[in-house]
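Examining the three-dimensional arrangement
Residues per chain are reported as follows:
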Amino acid sequence: MNEIDIIRAVVEEGYQISPEAAALIKASDVPGLLLEYVLSTIDESVFVIEAEHIDLAGFAVSRATEVAGASLESAILGEDRNVPDSDFDRDSVSDEVERLSLSDAVQDPVSDSISDPIPDSVVGSEYVPVSGSVPGTFPDPVAASDAGSDSVLSPPVSSASRANSASGAGSSLLFSSPAPASRGRPFSAASLGKASGSSSTSVVRSIGGSNPVTVLSDITGHSTCVGEYMQFVQYFRDRYSRLSEIIRGRINARPIESLKGRGFRGGGEKGSEEISIIGMVSDTSNTTNGHRIISLEDPTGSFPVLVRNSDKELFELASRILLDEVIGVTGSVTNDGGLMMASKIIQPDVPNSALRRTGARGKVVLISDVHVGSAQFMEDAWLNFLDFLKGDSDSEALNKMSKEIRYLVVAGDLVDGIGIYPDQEKELTILDIYEQYRKAAEYFWEIPKHIQVIISPGNHDAVRQAEPQPALPERIREHFPPNVTFVGNPSLVDLDGISILIYHGRSIDDLVASVPGVSYQEPAGAVLEMIKRRHLAPTYGSRVSISPEKKDHFIIDPVPDIIHTGHVHTMGVQRYKNVLLVNSGTWQAQTEFQKRVNLMPMPAQVPVVDLADFGVTILKFDD
């Protein structure tokens, strides 16, 4: 197995590998087995496989265990395989396997080839790129399409789709264009079985102290996706099951299949029988007369729903319905049983009775899109912000406020990344991804230690492109101070009794493109559309690449006190049914791409939220 074969195999699994690591695997007496072991044991948060990630000692033990186990089985059972189980001591066999395994591990020549850790000056400076990209970098719709190239705007390829392409199976359904085929009919007869349960893959981590942090939901270390067909089925069924359950508490819905072949007092006339169904939107279209047709699917079948344009309010709501969202519809069925005439549309939404927890003390600072390493990174404004956190600003009012800061939450894009769009290096001051993070870590060491910092990744950060994204890898985390907690994207955290849902916000691009009235200049309006649908990324297969996990991590349940997003470099604050919606701005000045599309960022503006009453103060640090 040569190095090219090793690199190709690693790329097909969705990773990249440094030349040193590839050479180390090639030098093994069994490179194929060693590579298989590395890929099966690597932490999913690792983006680039380095030599330090190759556990040769562990591989030696694993290999010796297999060899010793096979030898013992042959020695014990080889002469007489009809010996009853009771005639030999399985504990003795296990002990002998362990003894031989450890002995072989010490003598195995593979373990003798462990090299010293590669110096930082080497690691992170040279990588094997994938399709011209650079490790640790990902496209971005706001800064990502700076080149205006179709190749930049194309959905990125996941490990699953790479594997499928390599095997000749074609592109993965997950990353195909949002054509009807990409919907995949998640409730078709081919997907037998009941909807998957909402068994949690979340992990609960708690950080104690005077400013406690509890991570309530986070994909990190719990991704199950390998791109198999049934995982898509499980993902959509979990989405439908959980969101329909929310709606079912408000209407008495029946299965779609029950509408077919049955007589109703129909036609939509007065006195007609009204029924309700719940389904996932599989298609929307307009009739020649300007009415709206919504196709709904549930596990039993599909059914078309017509919304008449004469019902202005309902028609306006129908025009904002997105593919793949789950809704309930009440209406009457036509006499031929082939169409429902809608009188009401019910979205999952937040209940009017949603209560907001209050009474916590202190304040939380919400920021995103720092973009360390960019030539447009506003370092002077950032240093002014750090002075504020330290209580060293020129304003007595700010110094007084700084004493109340307990938390700082970063919603993604801590650095600018490398290779996100062609010629990006011309707009960078730091050309190495790890150096960008080391510089960012230097800044965060200046933050007072009593302030608990939570950092979630974005699409510029060195994690997988497909969402939900895990937390930044250990190689990056190790440079940051101990008061920093790293979580995935999205994640739900509890800050001393106040729950904050953190999401970088890439789906805002889809909402701006699909929902009338939603714009980049008022990003909180996009977050409002999310919470009405109780889903952070309602449409599947558009700009946001979504990994089909067994659980849909984008469902907004439970309802948080605060939703914090970023990504679009503009700021907006809105309140909706006792939920505070905050889209924080950026620390990056206007880029060349933003100038071309007339997008005006709102840099160095920081929302500070009072945890006692959820009052928001906007501080500006660009003066």
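See the structure shown above.
1. As for the sheet that holds strand E7 (residues 301-307)
With mixed pairing, five strands are arranged side by side around a closed barrel as E5-E6-E7-E9-E8. The mean inter-strand angle of the sheet, taken between neighbouring strand axes irrespective of direction, is 55°. Of the strand pairs in this sheet, E7 and strand E9 (residues 340-346) are connected by two bridges, and their pairing is parallel. Note that in E9 the partner of Val305 across the bridge is Met340. Relative to the sheet, helix H9 (residues 229-248) contacts strand E5 (274-286), strand E6 (292-298), strand E8 (326-333) and E9, its axis offset from that of E5 by approximately 135°.

2. Considering the pairing of strand E17 (residues 572-576)
Here E17 runs beside strand E18 (residues 579-583); their pairing, made up of five bridges, is antiparallel. Within E18, the residue paired with Arg575 across the bridge is Leu580. Taken together, E17 and the strand that follows it, E18, pair antiparallel across an intervening segment of two residues, in which Lys577 is found at a positive phi of about 50°.

3. Here we look at the sheet that holds strand E10 (residues 363-367)
Spatially, E13-E12-E11-E10-E19-E20 is the arrangement adopted by the six strands of the open sheet, whose pairing is mixed. Edge positions in the sheet fall to strand E13 (484-486) and strand E20 (616-620), since each of these pairs with one other strand and no more. Strand-to-strand twist across the sheet, computed as the mean angle between neighbouring axes with direction ignored, equals 20°. Note: E10 against strand E11 (residues 405-411), five bridges, orientation parallel. Its bridge partner being in E11, Leu366 is matched across the sheet by Val409.

4. Topic: the environment of Val226
Looking at where Val226 falls in the secondary structure, it is placed in the loop between strand E4 (213-218) and H9. C-alpha of Val226 to C-alpha of Pro548: the two residues are 322 residues apart in sequence and 8.5 Å apart in space.

5. Some details on the pattern of salt bridges
Tallying each qualifying case throughout the model produces 19 salt bridges. Measuring nitrogen to oxygen at the nearest pair gives 3.2 Å for the salt bridge that ties Arg205 to Asp218. One end of the pair, Arg205, is in strand E3 (residues 205-207); the other, Asp218, is in strand E4, with 13 residues separating them in the sequence. Judged by relative accessible area, Arg205 falls into the partly exposed class, the value being 30%. With a relative accessible area of 0%, Asp218 lands in the buried category.

6. Here's the deal with the environment of Thr220
Tracing the sequence through the fold places Thr220 in the loop between E4 and H9. Within the local environment of Thr220, its side chain forms a polar contact with the side chain of Asp218, the two groups lying 2.8 Å apart.

7. Quick word on the nonpolar core
Phe385, Leu408, Phe444 and Trp587 are the most contacted members of the largest nonpolar core, which totals 46 residues. With seven residues, helix H13 (residues 433-445) is the single largest residue contributor to this core. Apart from residues no more than four positions distant in its own chain, Leu408 is found in contact with Val365, Ile367, Phe385, Leu389, Phe444, Ile447, Ile451, Gln452, Val453 and Ile454. Membership of the second largest hydrophobic core comes to 40 residues, among which are Ile251, Ile546, Ile556 and Ile563.

Basis of the calculations
- Residues numbered from 1 in each chain as written.
- Predicted model: local features only at pLDDT ≥ 70, side-chain atom pairs only at ≥ 80, totals over all residues.
- Heavy atoms only, no water.
- Pairing = 2+ DSSP bridges.
- Helix = DSSP H or I, 4+ residues; strand = E, 2+ residues; numbered from the N terminus.
- Axes fitted to C-alpha atoms, helices over the stretch in contact; angles between N-to-C directions.
- Contact = heavy atoms within 4.5 Å.
- Salt bridge = Lys/Arg side-chain N within 4 Å of Asp/Glu carboxyl O.
- Buried < 20%, exposed > 50% of the residue type's maximum accessible area, 1.4 Å probe, protein only.
- Polar contact = N/O pair within 3.5 Å; in protein donor to acceptor, adjacent residues only side chain to side chain.
- Core = buried A, V, L, I, M, F, W, Y, C linked by side-chain atoms within 4.5 Å.

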